[in-house]
Amino acid sequence: MLPTEEAGKKRIHHVSESRNKMSNLTFITLAMFGVLIVVFAIASMVVPRFFNLNTISNLLVQQSEMIIIGIGVTFIVITGRLDLSVGGVVAMAGVLSAYFAQANTRAEFSLSSGLGLPYWAAVLLTLVCCMGIGAINAFFIVKFNIASIIVTLGGMSLARGIAMIIARGAQRNVGLPPEFGFLGRFSVIGTINLAVCIMIVLVAVALFVEKKTIFGRNLFLIGSNKTAANLSGVKTDRQIAQLYILSSFLAGITGILMSSKFCSGSSSIAGGYEFDALVLTVLGGTSIHGGFGSVTCAVIGAFILGILSTSVNMLGYPPASQLLVRGFVIVIAILAQRYALNKRNV
(Lines give C-alpha, C1' and ligand atoms only; values in the text may rest on other atoms or scores of the structure.)
Protein backbone atom coordinates (compact mmCIF):
# COMPACT_ATOMS: atom_id res chain seq x y z
CA MET A 1 0.00 0.00 0.00
CA LEU A 2 1.27 3.43 -0.89
CA PRO A 3 2.17 5.78 2.00
CA THR A 4 -0.32 8.37 0.80
CA GLU A 5 -3.16 5.82 0.78
CA GLU A 6 -2.24 4.66 4.28
CA ALA A 7 -2.14 8.24 5.54
CA GLY A 8 -5.51 8.90 3.91
CA LYS A 9 -7.07 5.90 5.63
CA LYS A 10 -5.65 7.05 8.96
CA ARG A 11 -7.14 10.52 8.48
CA ILE A 12 -10.55 9.01 7.59
CA HIS A 13 -10.38 6.78 10.66
CA HIS A 14 -9.43 9.77 12.85
CA VAL A 15 -12.31 11.90 11.51
CA SER A 16 -14.80 9.06 11.99
CA GLU A 17 -13.52 8.49 15.54
CA SER A 18 -13.72 12.20 16.43
CA ARG A 19 -17.30 12.41 15.17
CA ASN A 20 -18.32 9.52 17.35
CA LYS A 21 -16.47 10.89 20.37
CA MET A 22 -18.55 12.82 22.89
CA SER A 23 -17.55 16.47 23.17
CA ASN A 24 -15.81 17.64 26.33
CA LEU A 25 -18.71 19.97 27.13
CA THR A 26 -21.26 17.16 26.83
CA PHE A 27 -19.01 14.90 28.90
CA ILE A 28 -18.56 17.39 31.75
CA THR A 29 -22.26 18.36 31.69
CA LEU A 30 -23.32 14.72 32.00
CA ALA A 31 -20.69 14.13 34.69
CA MET A 32 -21.93 17.08 36.78
CA PHE A 33 -25.53 16.00 36.22
CA GLY A 34 -24.48 12.65 37.67
CA VAL A 35 -22.96 14.49 40.64
CA LEU A 36 -26.26 16.35 41.07
CA ILE A 37 -28.17 13.05 41.18
CA VAL A 38 -25.71 11.59 43.70
CA VAL A 39 -25.87 14.68 45.94
CA PHE A 40 -29.67 14.63 45.77
CA ALA A 41 -29.79 10.90 46.62
CA ILE A 42 -27.43 11.33 49.59
CA ALA A 43 -29.43 14.31 50.88
CA SER A 44 -32.66 12.31 50.55
CA MET A 45 -31.19 9.48 52.65
CA VAL A 46 -29.34 11.55 55.25
CA VAL A 47 -31.52 14.63 55.76
CA PRO A 48 -34.90 14.02 57.45
CA ARG A 49 -37.92 15.24 55.43
CA PHE A 50 -35.73 16.31 52.51
CA PHE A 51 -37.31 14.01 49.95
CA ASN A 52 -40.77 15.53 49.71
CA LEU A 53 -42.58 17.72 47.22
CA ASN A 54 -42.58 20.78 49.46
CA THR A 55 -38.80 20.78 49.96
CA ILE A 56 -38.12 20.21 46.27
CA SER A 57 -40.49 22.98 45.16
CA ASN A 58 -38.95 25.36 47.71
CA LEU A 59 -35.50 24.48 46.37
CA LEU A 60 -36.68 25.31 42.86
CA VAL A 61 -38.07 28.67 44.02
CA GLN A 62 -34.92 29.56 45.97
CA GLN A 63 -32.56 28.75 43.12
CA SER A 64 -34.61 30.47 40.40
CA GLU A 65 -33.16 33.86 41.38
CA MET A 66 -29.56 32.60 41.34
CA ILE A 67 -30.08 30.91 37.98
CA ILE A 68 -31.33 34.17 36.44
CA ILE A 69 -28.15 35.91 37.61
CA GLY A 70 -26.09 32.89 36.55
CA ILE A 71 -27.19 33.21 32.90
CA GLY A 72 -25.44 36.54 32.45
CA VAL A 73 -22.43 35.55 34.54
CA THR A 74 -22.01 32.33 32.53
CA PHE A 75 -21.95 34.16 29.20
CA ILE A 76 -19.30 36.54 30.56
CA VAL A 77 -17.17 33.73 32.04
CA ILE A 78 -17.26 31.89 28.70
CA THR A 79 -15.57 34.95 27.16
CA GLY A 80 -12.82 34.68 29.81
CA ARG A 81 -14.01 37.57 31.98
CA LEU A 82 -15.77 38.05 35.32
CA ASP A 83 -18.71 40.05 36.64
CA LEU A 84 -18.58 40.59 40.40
CA SER A 85 -21.01 43.51 40.39
CA VAL A 86 -24.23 41.46 40.22
CA GLY A 87 -24.84 41.29 43.99
CA GLY A 88 -24.70 45.06 44.32
CA VAL A 89 -26.94 45.48 41.26
CA VAL A 90 -29.54 43.15 42.80
CA ALA A 91 -29.62 45.26 45.97
CA MET A 92 -29.77 48.49 43.98
CA ALA A 93 -32.63 47.19 41.84
CA GLY A 94 -34.64 46.19 44.90
CA VAL A 95 -34.21 49.57 46.58
CA LEU A 96 -34.81 51.61 43.40
CA SER A 97 -37.97 49.69 42.45
CA ALA A 98 -39.38 50.42 45.93
CA TYR A 99 -38.29 54.08 45.89
CA PHE A 100 -39.71 54.73 42.43
CA ALA A 101 -43.05 53.07 43.31
CA GLN A 102 -43.53 54.53 46.81
CA ALA A 103 -46.20 57.19 47.21
CA ASN A 104 -44.81 60.72 47.12
CA THR A 105 -45.74 62.14 50.54
CA ARG A 106 -43.25 65.01 50.14
CA ALA A 107 -41.74 64.15 53.51
CA GLU A 108 -38.10 65.25 53.41
CA PHE A 109 -35.53 62.46 54.05
CA SER A 110 -38.31 60.01 54.82
CA LEU A 111 -38.05 56.31 54.00
CA SER A 112 -41.82 56.27 53.45
CA SER A 113 -41.76 58.74 50.55
CA GLY A 114 -40.75 57.97 46.98
CA LEU A 115 -41.38 59.19 43.44
CA GLY A 116 -44.92 57.82 43.22
CA LEU A 117 -44.51 56.30 39.75
CA PRO A 118 -46.81 53.57 38.42
CA TYR A 119 -45.30 50.19 39.20
CA TRP A 120 -44.66 49.30 35.55
CA ALA A 121 -42.78 52.58 35.10
CA ALA A 122 -40.82 51.93 38.31
CA VAL A 123 -39.77 48.53 36.98
CA LEU A 124 -38.68 49.90 33.60
CA LEU A 125 -36.74 52.80 35.13
CA THR A 126 -35.06 50.42 37.58
CA LEU A 127 -33.91 48.14 34.76
CA VAL A 128 -32.52 51.13 32.85
CA CYS A 129 -30.52 52.17 35.93
CA CYS A 130 -29.19 48.62 36.33
CA MET A 131 -28.14 48.52 32.69
CA GLY A 132 -26.29 51.76 33.37
CA ILE A 133 -24.06 49.93 35.87
CA GLY A 134 -23.37 47.31 33.21
CA ALA A 135 -22.54 50.05 30.70
CA ILE A 136 -20.08 51.60 33.15
CA ASN A 137 -18.41 48.22 33.66
CA ALA A 138 -18.23 47.66 29.91
CA PHE A 139 -16.80 51.13 29.25
CA PHE A 140 -13.77 50.67 31.50
CA ILE A 141 -13.19 47.04 30.50
CA VAL A 142 -13.46 47.63 26.74
CA LYS A 143 -12.09 51.15 26.31
CA PHE A 144 -9.30 51.07 28.88
CA ASN A 145 -8.64 47.32 28.91
CA ILE A 146 -8.76 47.20 32.72
CA ALA A 147 -9.08 43.75 34.30
CA SER A 148 -12.75 42.81 34.64
CA ILE A 149 -12.34 41.68 38.26
CA ILE A 150 -11.16 45.17 39.27
CA VAL A 151 -13.81 47.06 37.30
CA THR A 152 -16.73 44.92 38.42
CA LEU A 153 -15.66 45.06 42.06
CA GLY A 154 -15.89 48.82 41.66
CA GLY A 155 -19.29 48.39 39.99
CA MET A 156 -20.44 46.28 42.92
CA SER A 157 -19.41 49.00 45.38
CA LEU A 158 -21.07 51.69 43.28
CA ALA A 159 -24.38 49.84 43.02
CA ARG A 160 -24.38 48.80 46.69
CA GLY A 161 -23.51 52.37 47.69
CA ILE A 162 -26.47 53.74 45.72
CA ALA A 163 -28.73 51.23 47.46
CA MET A 164 -27.34 52.19 50.88
CA ILE A 165 -27.83 55.92 50.24
CA ILE A 166 -31.40 55.65 48.93
CA ALA A 167 -32.43 53.19 51.66
CA ARG A 168 -30.30 55.02 54.24
CA GLY A 169 -28.74 51.73 55.24
CA ALA A 170 -32.15 50.24 56.04
CA GLN A 171 -35.14 49.36 53.85
CA ARG A 172 -38.10 50.96 52.12
CA ASN A 173 -41.33 49.09 52.85
CA VAL A 174 -43.95 51.77 53.54
CA GLY A 175 -46.29 53.38 51.03
CA LEU A 176 -45.82 50.72 48.37
CA PRO A 177 -48.70 50.12 45.91
CA PRO A 178 -50.73 46.87 46.21
CA GLU A 179 -49.34 45.53 42.91
CA PHE A 180 -45.76 45.79 44.20
CA GLY A 181 -45.91 42.24 45.60
CA PHE A 182 -47.46 40.64 42.52
CA LEU A 183 -44.31 39.56 40.67
CA GLY A 184 -42.67 37.95 43.69
CA ARG A 185 -45.70 36.48 45.43
CA PHE A 186 -48.02 35.34 42.67
CA SER A 187 -48.36 31.55 42.95
CA VAL A 188 -48.62 29.52 39.76
CA ILE A 189 -48.85 26.02 41.29
CA GLY A 190 -48.47 25.49 45.02
CA THR A 191 -45.30 27.22 46.15
CA ILE A 192 -44.06 27.64 42.57
CA ASN A 193 -44.18 31.37 41.93
CA LEU A 194 -43.87 33.60 38.89
CA ALA A 195 -40.10 33.89 39.37
CA VAL A 196 -39.72 30.20 38.48
CA CYS A 197 -41.66 30.70 35.24
CA ILE A 198 -39.54 33.74 34.37
CA MET A 199 -36.39 31.72 35.09
CA ILE A 200 -37.51 28.85 32.82
CA VAL A 201 -38.28 31.24 29.96
CA LEU A 202 -34.95 33.04 30.34
CA VAL A 203 -33.00 29.76 30.46
CA ALA A 204 -34.77 28.55 27.30
CA VAL A 205 -33.98 31.82 25.49
CA ALA A 206 -30.36 31.75 26.71
CA LEU A 207 -29.87 28.16 25.49
CA PHE A 208 -31.30 29.08 22.09
CA VAL A 209 -28.92 32.05 21.84
CA GLU A 210 -25.99 29.91 22.98
CA LYS A 211 -26.61 26.99 20.63
CA LYS A 212 -28.35 28.43 17.59
CA THR A 213 -27.12 31.97 17.01
CA ILE A 214 -23.93 33.58 15.73
CA PHE A 215 -23.86 35.70 18.89
CA GLY A 216 -23.72 32.53 21.00
CA ARG A 217 -21.01 30.90 18.91
CA ASN A 218 -18.94 34.06 19.10
CA LEU A 219 -18.86 33.77 22.90
CA PHE A 220 -16.69 30.68 22.67
CA LEU A 221 -14.51 32.18 19.95
CA ILE A 222 -13.83 35.27 22.08
CA GLY A 223 -13.09 33.13 25.13
CA SER A 224 -10.74 30.85 23.24
CA ASN A 225 -8.80 33.54 21.40
CA LYS A 226 -9.94 37.16 21.27
CA THR A 227 -7.29 38.10 18.70
CA ALA A 228 -8.44 35.34 16.36
CA ALA A 229 -12.04 36.43 16.90
CA ASN A 230 -11.13 39.99 15.87
CA LEU A 231 -9.33 38.75 12.78
CA SER A 232 -12.41 36.67 11.92
CA GLY A 233 -14.53 39.80 11.82
CA VAL A 234 -16.18 39.45 15.23
CA LYS A 235 -16.84 42.81 16.89
CA THR A 236 -15.48 41.55 20.19
CA ASP A 237 -15.57 44.81 22.12
CA ARG A 238 -19.19 45.46 21.20
CA GLN A 239 -20.24 41.94 22.15
CA ILE A 240 -18.40 42.10 25.49
CA ALA A 241 -20.11 45.42 26.24
CA GLN A 242 -23.50 43.89 25.40
CA LEU A 243 -22.80 40.99 27.75
CA TYR A 244 -22.09 43.26 30.73
CA ILE A 245 -25.24 45.26 30.08
CA LEU A 246 -27.20 41.99 29.78
CA SER A 247 -25.71 40.68 33.03
CA SER A 248 -26.76 43.83 34.92
CA PHE A 249 -30.20 43.65 33.29
CA LEU A 250 -30.68 40.09 34.56
CA ALA A 251 -29.41 41.06 38.01
CA GLY A 252 -31.94 43.89 37.93
CA ILE A 253 -34.76 41.44 37.18
CA THR A 254 -33.63 39.36 40.16
CA GLY A 255 -33.59 42.40 42.46
CA ILE A 256 -37.10 43.42 41.36
CA LEU A 257 -38.40 39.89 41.97
CA MET A 258 -36.77 39.72 45.42
CA SER A 259 -38.06 43.12 46.52
CA SER A 260 -41.52 42.16 45.29
CA LYS A 261 -41.38 38.88 47.22
CA PHE A 262 -40.48 40.63 50.49
CA CYS A 263 -42.52 43.77 49.70
CA SER A 264 -39.47 45.75 50.68
CA GLY A 265 -36.46 47.40 49.11
CA SER A 266 -33.52 46.48 51.34
CA SER A 267 -29.92 47.60 50.82
CA SER A 268 -28.58 44.48 52.55
CA ILE A 269 -30.03 41.78 50.29
CA ALA A 270 -27.96 39.66 47.90
CA GLY A 271 -24.81 39.81 50.01
CA GLY A 272 -22.28 37.43 48.46
CA TYR A 273 -24.48 36.72 45.42
CA GLU A 274 -21.66 37.72 43.07
CA PHE A 275 -19.48 34.93 44.45
CA ASP A 276 -22.33 32.39 44.57
CA ALA A 277 -23.11 33.14 40.92
CA LEU A 278 -19.48 32.57 39.96
CA VAL A 279 -19.26 29.39 42.04
CA LEU A 280 -22.40 27.82 40.56
CA THR A 281 -21.18 28.66 37.05
CA VAL A 282 -17.77 27.04 37.56
CA LEU A 283 -19.20 24.20 39.67
CA GLY A 284 -21.50 23.24 36.82
CA GLY A 285 -18.57 22.87 34.41
CA THR A 286 -17.90 26.27 32.83
CA SER A 287 -14.17 27.02 32.58
CA ILE A 288 -12.98 30.07 34.52
CA HIS A 289 -10.39 30.57 31.75
CA GLY A 290 -13.06 31.01 29.09
CA GLY A 291 -13.95 29.28 25.83
CA PHE A 292 -15.83 26.43 27.50
CA GLY A 293 -19.18 26.16 29.26
CA SER A 294 -22.94 26.43 28.98
CA VAL A 295 -26.02 27.86 30.67
CA THR A 296 -26.92 24.23 31.39
CA CYS A 297 -23.79 24.08 33.56
CA ALA A 298 -25.04 27.06 35.58
CA VAL A 299 -28.43 25.41 36.16
CA ILE A 300 -26.79 22.18 37.35
CA GLY A 301 -24.35 24.08 39.55
CA ALA A 302 -27.18 26.11 41.08
CA PHE A 303 -29.07 23.00 42.15
CA ILE A 304 -25.95 21.31 43.53
CA LEU A 305 -25.26 24.45 45.55
CA GLY A 306 -28.90 24.70 46.62
CA ILE A 307 -29.08 21.08 47.79
CA LEU A 308 -25.89 21.50 49.82
CA SER A 309 -27.15 24.70 51.46
CA THR A 310 -30.59 23.27 52.21
CA SER A 311 -29.16 20.01 53.56
CA VAL A 312 -26.68 21.52 56.01
CA ASN A 313 -29.34 23.99 57.14
CA MET A 314 -31.93 21.27 57.74
CA LEU A 315 -29.35 19.21 59.64
CA GLY A 316 -28.98 22.11 62.06
CA TYR A 317 -25.37 23.05 61.39
CA PRO A 318 -24.38 26.53 62.64
CA PRO A 319 -23.70 29.14 59.92
CA ALA A 320 -19.91 28.84 60.22
CA SER A 321 -20.06 25.06 59.79
CA GLN A 322 -22.45 25.45 56.86
CA LEU A 323 -19.89 27.56 55.02
CA LEU A 324 -17.12 25.08 55.83
CA VAL A 325 -19.07 22.02 54.64
CA ARG A 326 -20.32 23.77 51.50
CA GLY A 327 -16.86 25.11 50.64
CA PHE A 328 -15.22 21.71 51.15
CA VAL A 329 -17.71 19.90 48.90
CA ILE A 330 -17.47 22.59 46.21
CA VAL A 331 -13.66 22.38 46.10
CA ILE A 332 -13.75 18.58 45.89
CA ALA A 333 -16.36 18.67 43.12
CA ILE A 334 -14.42 21.19 41.02
CA LEU A 335 -11.12 19.30 41.47
CA ALA A 336 -12.80 16.02 40.49
CA GLN A 337 -14.35 17.73 37.48
CA ARG A 338 -11.00 19.09 36.28
CA TYR A 339 -9.27 15.74 36.94
CA ALA A 340 -11.83 13.81 34.91
CA LEU A 341 -11.58 16.25 32.02
CA ASN A 342 -7.76 16.20 32.02
CA LYS A 343 -7.66 12.39 32.10
CA ARG A 344 -10.11 12.23 29.23
CA ASN A 345 -7.98 14.51 27.06
CA VAL A 346 -4.76 12.57 27.65
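All values reported here derive from a predicted model rather than from experimental measurement. (Residues numbered from 1 in each chain as written. Predicted model: local features only at pLDDT ≥ 70, side-chain atom pairs only at ≥ 80, totals over all residues. Heavy atoms only, no water.)

Trainee: Break down the overall build of the chain for me, citing the residues and quoting the values.
Mentor: When helices and strands are tallied, the chain shows 14 helices and four strands. Here the C-alpha atoms of the chain give a radius of gyration of 22 Å, agreeing with the 20 Å that 2.2 N^0.38 yields for 346 residues. Based on the C-alpha atoms only, the size of the chain along its principal axes is roughly 95 × 55 × 35 Å. Looking at the chain residue by residue over its 346 residues, the buried ones come to 47%. Contacts spanning at least 24 positions in sequence make up 76% of the contacts within the chain whose residues lie at least 6 apart. One finds the centroid of the 24 positive side-chain charges in the chain at a distance of 2 Å from the centroid of its 11 negative side-chain charges. (Helix = DSSP H or I, 4+ residues; strand = E, 2+ residues; numbered from the N terminus. Rg over C-alpha atoms; globule rule 2.2 N^0.38 Å. Buried < 20%, exposed > 50% of the residue type's maximum accessible area, 1.4 Å probe, protein only. Contact = heavy atoms within 4.5 Å. Lys, Arg positive; Asp, Glu negative; His and termini not counted. Charge placed at Lys NZ, Arg CZ, Asp CG, Glu CD.)

Trainee: Which residues make up the packing of aromatic side chains, and what values go with them?
Mentor: A full pass over the atoms with the stated rule returns eight aromatic pairs. Plain terms: the ring middles of Phe 139 and Phe 140 are 5.3 Å apart, the flat faces sit at 85° to each other, and that makes the pair edge-to-face. Since its relative accessible area comes to 41%, Phe 139 is described here as partly exposed. Their ring planes at 75° and their centres at 5.5 Å tell us that Phe 139 and Phe 144 sit as a pair that is edge-to-face. Counting every residue linked through ring pairs, the aromatic cluster contains Phe 40, Phe 50 and Phe 51. (Phe/Tyr/Trp six-rings, centres within 6.5 Å; stacked < 30°, edge-to-face > 60°.)

Trainee: Could you give me a rundown of the pattern of salt bridges, with the residues and numbers involved?
Mentor: With the rule as written, the count across this model stands at three salt bridges. When the shortest N-O distance is used, the salt bridge between Lys 261 and Glu 65 registers 2.9 Å. Placement of Lys 261 in helix H11 (residues 236-262) and of Glu 65 in helix H3 (residues 53-78) is noted, with a sequence separation of 196 residues between them. Relative accessible area serves as the criterion here: at 22%, Lys 261 is assigned to the partly exposed category. Given a relative accessible area of 6%, Glu 65 falls into the buried group. Note that Glu 210 is salt-bridged to Lys 211, the shortest N-O span being 3.1 Å. (Salt bridge = Lys/Arg side-chain N within 4 Å of Asp/Glu carboxyl O.)

Trainee: Provide a residue-level description of the side chain of Ser 148, including the pertinent values.
Mentor: Mapping Ser 148 onto the fold places it in helix H6 (residues 148-167). The class for Ser 148 is buried, based on a relative accessible area of 10%. From its side chain, Ser 148 meets the backbone nitrogen of Leu 82 in a polar contact 3.0 Å long. Apart from the residues within four sequence positions on either side, Ser 148 is in contact with Arg 81, Leu 82, Ile 141 and Tyr 244. (Polar contact = N/O pair within 3.5 Å; in protein donor to acceptor, adjacent residues only side chain to side chain.)

Trainee: Please give an account of H3 that cites residues and values.
Mentor: The largest bend along H3 reaches roughly 35° and is located at Ser 64. The element H3 is extensively covered by neighbouring structure, given that 20 of its 26 residues are classed as buried. Its side-chain oxygen at 3.1 Å from the backbone nitrogen of Asn 54, Asn 52 defines the N-terminal cap of H3. Two residues or fewer after H3 comes Gly 80, characterised by a positive phi angle close to 90°. (Bend = angle between axes of the 7 residues up to and from the residue.)

Trainee: Explain the layout of surface pockets to me, using residue names and the numbers behind them.
Mentor: Over the atoms a probe the size of a water molecule is rolled, and this reveals where empty space is left. Put simply, the largest pocket is a space of about 550 Å³. Contributing to the lining of the largest pocket are 23 residues, with Gln 62, Gln 63, Ser 309, Thr 310 and Arg 326 lying nearest its centre. Within the residue set of the lining of the largest pocket, elements represented by two or more residues are H3, H11, helix H12 (273-283), helix H13 (295-314) and helix H14 (319-345). When its residues are assigned to classes, the lining of the largest pocket shows nine nonpolar, ten polar and four charged. As a volume, the second largest pocket reaches approximately 240 Å³. (1 Å grid on protein atoms, 1.4 Å probe; cavity = no way out; pocket = protein on both sides within 12 Å on 5 of 7 lines; lining within 4 Å. Points joined across faces, edges and corners; volume = space filled by probe spheres on them. Nonpolar A, V, L, I, M, F, W, Y, C, P; charged D, E, K, R; others polar.)

Trainee: Explain a nonpolar patch on the surface to me, and be specific about the residues and the numbers.
Mentor: On the surface, Ile 136, Phe 139, Phe 140, Phe 144, Ile 146, Ile 149, Ile 150, Leu 153, Leu 158 and Phe 275 cluster together into a nonpolar patch covering about 870 Å² of accessible area. No other element matches the four residues that H6 contributes to the nonpolar patch. Note that Ile 149 resides in helix H6. (Patch = residues over 30% accessible without salt bridge, like charges linked within 9 Å, V, L, I, M, F, W, Y side chains within 5 Å. Areas by Shrake-Rupley, 256 points an atom, 1.4 Å probe, with all protein chains shown as cover.)

Trainee: Describe the packing of helix H5 (residues 119-143) against H6, and please don't skip the residues or the numbers.
Mentor: Describing two packed helices takes the angle between their axes plus the distance from one axis to the other. Where H5 meets H6, the closest approach of the two axes is 9 Å, and the angle between their N-to-C directions is 150°. It follows from the interaxial angle that H5 and H6 lie roughly antiparallel. The chirality of how H5 crosses H6 is right-handed. Facing H5, whose interface residues are Ile 133, Ile 136, Asn 137, Phe 140 and Ile 141, H6 presents Ser 148, Val 151, Thr 152, Gly 155, Leu 158 and Ala 159. For the contact of H5 with H6, the residue count by class is seven nonpolar, four polar and no charged. (Axes fitted to C-alpha atoms, helices over the stretch in contact; angles between N-to-C directions. Parallel < 35°, antiparallel > 145°, perpendicular 65-115°, else oblique. Left-handed = near helix turned anticlockwise from the far one by under 90°.)

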